[in-house]
Amino acid sequence: MPAGSIGNSPPMVAFRSTDSSGRTSGLLLRCVLYSLLALGLIIVDKRYDHLGKIRRWLSFVAYPVQVAVASPFEGWHWFRESVTTRDTLRADNERLEAQLRVAQFRLQRYEALEAESQRLRALRDATVGVTDRFIIGDIMDVDLDAFRERVLVDKGASQGVFVGQAVLDAGGVFGQVARVEQYTSEVILLSDPAHAIPVQINRTGLRTVAVGTGDTGRLKLPYLPTSADVVVGDLLVTSGLGGGFPPGYPVGTVSSVKRDPAQSLADVDVRPAAALDRSRELMFVWLKPSATLTASAAASPAAPPNPAPAPARPPAATARSAPSSAKAPAKAEARASGPSASALHARAPGAAPPAHKASGP
Amino acid sequence: MMREERIQRLPVVVSALVALALAVIPLPALLDALRPDFLVLVVFYWSIESPRAGGLALAFFSGLALDVINGVVLGQHALALTLITAWAIHLRLRLRVFSILSQSLTIFMLLTLYQFILFWVDGATGNPVVNFGRWLAPVVGGAIWPLVSGILSRFRER
């Protein structure tokens, strides 16, 4: 059909004449109806939690499509694994054995250290949750929204996965479960702009929050003052505050620190420890909550027990007399008075965390 | 009329399912940002060719499927797709006599509006995606419209 053969008005006339039986108004009416339905869904899904069942039911429809999309890629992985040569397998085997030797060597020390740490914590009456059990999940080869850092994993509600569960990979913390379907779950990566994780600088014990940037290879620490004691190469570990993540797992290393004297906050970038863009296998972790953790969490959810790995105060301090314990709240008030003192409170982790630290995820 | 409608259900459903699979098929990161909204183009095609086969019901449920499979707030794609499909149906007789270039430009405009509605719902529900990349999808979508409509019309005639 040539473009210029019909002017502007004949299609309009045709449009009106074919749809003269009320179809134009019908279109408008149905458009308004469907739009209101969609708007209602958005509001109900956002504000209330009633749509979980509908979503789960709908996901039964989506699941075959996701599996169908992922299966050729899974098949290709399987094929590549099954045709690897004997030499590659032997080289892999040797490498893995060497890794295992190193890991076991470290583990010997680790178990002794963990036992010691638990003893010391028991003295301080602040035992934190430790990892209870875990399952391994595979990332499905399905692309979700291109502009959000999320992945789909092949473990779901039927395996006991729950929303907010911590997810690790071999290198460190990977993210947490954002949504659970029957057989799949959606994991939000550390690097998602909507994700924040409470962390601690391993060297100094300084606590802060690491926020995603949308860039897979970079997190940032937006709440550190320019005077904070942080240098390039510092290891960040989870602090365990908030109870979502197990404490002491690596999150990343500080890759750049920019201090602008005109700003009150430093500009700190972190390279994540987990291979956020390369991992295929993830660990879903269950925490074993200790009695003290749940008790104090019930008393005041904003102030969970302090999980500092290196107690600055010796355990004997709890047995001291009244004057020193009366001094502690006064010190806490003095610390809360100025933001530049936050380097101090990292060294004396006896009191509840200051309010601005609790504004995590 | 009844017979024609019965024949036309199958290609609509099949093409919509294929487009849905294309929406989540893994692509390299560079291509992922350029991924056009295949399902939107398919819904457009059927709505323009025969609103009885496509139409608002197809648009609404396709949008719902996109919401579920993308894991975003339920109703987001459904709202956007319903609104722009209504406009496409309104324009359909004019669209059919347009040259292929004008068709592509119109589709580009509708796709941009679609992204804008998604953008707005993202912001209103509190997780804004401030990434310039999302505005590339309409450009690619408009560019491949002749291809998509060509393939689908071949598919329909069979």
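This one's a predicted model, so the numbers in the text were calculated from it and none came from an experiment.

A. Structural context of the overall build of chain A. Across its full length, chain A holds seven helices and twelve strands. In chain A, which comprises 361 residues, the share counted as buried stands at 29%. Contacts spanning at least 24 positions in sequence make up 62% of the contacts within chain A whose residues lie at least 6 apart.

B. Representation of the overall build of chain B within the structure. Looking only at helices and strands, one finds eight helices and zero strands in chain B. Reading chain B from its N end, one meets helices and strands in the order α-α-α-α-α-α-α-α. Counting all 158 residues of chain B, 43% fall into the buried class. Counting only contacts in chain B whose residues sit at least 6 apart along the sequence, the fraction spanning at least 24 positions is 66%.

C. The arrangement of the environment of alanine 210 of chain A in detail. All names here are of chain A. With respect to the element layout, alanine 210 can be found in strand β7 (residues 207-212). Classification of alanine 210 by C-beta neighbours within 10 Å gives buried; the count is 25. Distance from alanine 210 to histidine 195, taken between C-alpha atoms, is 8.4 Å for residues 15 residues apart in sequence. Look past the residues within four positions of alanine 210 in its chain and what remains in contact with it is Ala196, Ile197, Val199, Leu219, Leu221, Leu236, Val251 and Val270.

D. Inspection of the interface of chain A and chain B at higher detail. Each partner contributes to the interface: chain A provides 40 residues, whereas chain B provides 42 residues. At the level of elements, α1 (9-18), α2 (23-47) and α3 (52-82) of chain A are the ones that each hand at least two residues to the side of chain A that touches chain B. The leading source of residues in the side of chain A that touches chain B is α2 of chain A, at eleven residues. Per-class residue counts for the side of chain A that touches chain B are 25 nonpolar, four polar and eleven charged.

E. Region of the structure containing the nonpolar core. Grouped together as the largest cluster of nonpolar side chains are 98 residues, with contacts concentrated most on Val173, Phe174, Val187 and Ala210 of chain A together with Leu39, Val42 and Val43 of chain B. Ranked by the residues each element gives to this core, the list is headed by helix α3 (residues 38-49) of chain B, at ten residues. Not counting the four nearest positions on each side in its chain, valine 173 of chain A is found in contact with Ala166, Leu168, Leu190, Ile197, Thr238, Phe245, Tyr249, Val251 and Ala274 of chain A.

F. Region of the structure containing the pairing of strand β6 (residues 196-201) of chain A. All names here are of chain A. In terms of residue burial, β6 counts as a mostly covered element, since five of its six residues are buried. Direction of pairing for β6 relative to β7: antiparallel, over a ladder of five bridges. Its bridge partner lying in β7, glutamine 200 is registered against arginine 207. Linking β6 back to β7 in an antiparallel pair, the connection comprises five residues, with glycine 205 at a positive phi of about 85 degrees.

G. A look at the confidence of the model for chain B. Across chain B, the average pLDDT comes to 84, with 94% of residues at or above 70. Across the assembled chains, the prediction reports ipTM 0.81 with pTM 0.61.

H. Fine view of the sheet that holds strand β10 (residues 250-258) of chain A. Residue and element names in this part refer to chain A. Ordered by their spatial adjacency, six strands build a closed barrel running β6-β7-β8-β11-β10-β9, and the pairing between neighbours is antiparallel. On average, each strand axis in the sheet is tilted by 40 degrees relative to the strand beside it, whichever way the strands run. Note: β7 against strand β8 (residues 219-221), two bridges, orientation antiparallel. Along β8, the bridge assignment pairs glycine 212 with leucine 219.

I. Inspection of the packing of helix α5 (residues 76-90) of chain B against helix α7 (residues 100-124) of chain B at higher detail. Residues and elements named next belong to chain B. The N-to-C vectors of α5 and α7 enclose an angle of 150 degrees; their axes lie 9 Å apart at closest approach. Viewed along their axes, α5 and α7 adopt a mutual orientation that is roughly antiparallel. α5 and α7 meet at a crossing whose hand is right-handed. Across the interface between the two elements, Gln76, His77, Leu79, Ala80, Leu81, Leu83, Ile84, Trp87 and Ala88 from α5 touch Leu110, Leu113, Tyr114, Ile117, Leu118 and Val121 from α7.

J. Focus on helix α8 (residues 136-157) of chain B. Residue and element names in this part refer to chain B. Over its 22 residues, α8 runs 32 Å from end to end, which matches the ideal 32 Å to within 8%, given 1.5 Å per residue. At isoleucine 144, α8 shows its largest bend, some 50 degrees, and a proline, proline 146, comes one to four positions later. Taken together, the buried positions of α8 are occupied by Ala137, Pro138, Gly141, Gly142, Trp145, Val148, Ser149 and Leu152.

K. Spotlight on the pairing of strand β11 (residues 267-272) of chain A. Residues and elements named next belong to chain A. Side-chain alternation along β11 places Val268, Val270 and Pro272 on a buried face and Asp267, Asp269 and Arg271 on a face that remains uncovered. For β8 and β11, the ladder comprises three bridges, and the chain directions are antiparallel. Within the sheet, the bridge partner assigned to lysine 220 lies in β11 and is aspartate 269. Alignment of β10 against β11, held across six bridges, turns out to be antiparallel. Note that in β11 the partner of valine 257 across the bridge is valine 268.

L. Representation of the confidence of the model for chain A within the structure. Looking at chain A, pLDDT values average 72 and 68% of them are 70 or higher. In this model, residues 1-22 of chain A is a region of pLDDT below 50 whose contacts with residues beyond four sequence positions or in other chains number twelve contacts.

M. Looking closely at the environment of alanine 62 of chain A. Here alanine 62 of chain A lies in helix α3. The contacts of alanine 62 of chain A, once residues within four sequence positions are left out, are Ala65, Val68 and Ile69 of chain B.

N. Quick look at the packing of helix α4 (residues 55-70) of chain B against α5 of chain B. Residue and element names in this part refer to chain B. Here α4 crosses α5 at 155 degrees, and the two axes come no closer than 7 Å. Considering their axes alone, α4 and α5 lie roughly antiparallel with respect to each other. For the crossing formed where α4 meets α5, the hand is right-handed. Touching Gly55, Leu56, Ala59, Phe60, Ser62, Gly63, Leu64, Leu66 and Asp67 of α4 are Gln76, His77, Ala78, Ala80, Leu81, Thr82, Thr85, Ala86 and Ile89, all from α5. Within the contact of α4 with α5, the residues separate by chemical class into ten nonpolar, seven polar and one charged.

Basis of the calculations
Residues numbered from 1 in each chain as written. Chains lettered and ligands numbered in written order. Predicted model: local features only at pLDDT ≥ 70, side-chain atom pairs only at ≥ 80, totals over all residues. Helix = DSSP H or I, 4+ residues; strand = E, 2+ residues; numbered from the N terminus. Buried ≥ 20, exposed ≤ 12 C-beta atoms within 10 Å, placed from the backbone. Contact = placed C-beta atoms within 7 Å. Nonpolar A, V, L, I, M, F, W, Y, C, P; charged D, E, K, R; others polar. Core = buried A, V, L, I, M, F, W, Y, C linked by C-beta atoms within 7 Å. Pairing = 2+ DSSP bridges. pLDDT = per-residue confidence, 0-100. Axes fitted to C-alpha atoms, helices over the stretch in contact; angles between N-to-C directions. Parallel < 35°, antiparallel > 145°, perpendicular 65-115°, else oblique. Left-handed = near helix turned anticlockwise from the far one by under 90°. Expected span 1.5 Å × (residues − 1). Bend = angle between axes of the 7 residues up to and from the residue.

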